[in-house]
Amino acid sequence: MIWKVFIAFFIPGILGYGGGPASIPLVENEVVDRFGWMTVTEFSEMLAMANALPGPIATKMAGFIGYQQAGVLGAVVGVFATVAPSLILMILLLSLLAKFKNSPKVKKMTNLIRPAIAVLLGLMAFQFFRTSYDSSGVWQTGFLIVVSFILLEKVKVHPAFVILGSLIYGAIFLGHT
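Residues numbered from 1 in each chain as written. Predicted model: local features only at pLDDT ≥ 70, side-chain atom pairs only at ≥ 80, totals over all residues. Heavy atoms only, no water.

Considerations on the packing of aromatic side chains
Phase 1: In the structure shown here, the tally under the stated rule is four aromatic pairs.
Phase 2: Note on W3 and F6: the rings are 5.6 Å apart at their centroids and 20° apart in plane angle, and the pair reads as stacked. Placement of the pair is W3 and F6 together in helix α1 (residues 2-15), with a separation of three residues, close to one helical turn.
Phase 3: By relative accessible area, W3 is classed as exposed at 61%.
Phase 4: On the basis of relative accessibility, which here comes to 17%, the residue F6 falls in the buried class.
Phase 5: Ring geometry for F6 and F10: centres 5.0 Å apart, planes at 15°, overall stacked. Here F6 pairs with F10, and both are found in helix α1, just four residues apart, close to one helical turn. (Phe/Tyr/Trp six-rings, centres within 6.5 Å; stacked < 30°, edge-to-face > 60°. Helix = DSSP H or I, 4+ residues; strand = E, 2+ residues; numbered from the N terminus. Buried < 20%, exposed > 50% of the residue type's maximum accessible area, 1.4 Å probe, protein only.)

Rendered as structure tokens:
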């Protein structure tokens with residue numbers, strides 16, 4: 001199990017160019033689709049809770065899922081596997097990155113990777129929306145979307161408070177589902 005936890009977070013750490021938000025769909029693929037440790041609903045709820053807490057999202061997810069699957073050692077291995085690719089690259093390639101950071105080829109590669117990550121994030125958001133719609137219905141889902149948009153974009157409420165409010169709303173009004 002420890003090896004599976006390591007793999008589940010090491011692979012997204014390698015491929016998740018851009019940090020935590022970019023690796024979220026990759027982690028979801030590993031823990032939901034590949035290993036079946038969580039459903040999409042459980043993953044989205046865990047992600048919402050992790051987003052409400054301070055700190056990097058990827059390490060919070062790795063710690064929680066690692067602990068859930070293999071206890072304290074699983075949490076440690078999950079967090080290590082999440083940061084290990086970046087740590088290894090920083091140690092081994094720091095001088096090369098500094099040397100080629102303004103290279104047109106490096107900039108082109110970065111510009112080619114960003115749309116792929118955007119598509120993955122969009123697909124994940126759609127899956128969360130579909131799961132919410134399936135379990136809560138169009139009115140509840142629509143209400144939460146509209147209220148969240150207004151609070152985030154118009155009132156400028158911190159996302160953690162919007163997530164917390166949505167969790168409380170769900171516990172009170174949707175607890176029966």
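Description of unusual backbone geometry
Phase 1: For K156, which is not a glycine, the phi torsion comes out positive at approximately 65°.
Phase 2: Among the secondary structure elements, K156 is positioned in the loop between α6 (138-154) and α7 (159-173).
Phase 3: Owing to a relative accessible area of 61%, K156 belongs among the exposed residues under this scheme.

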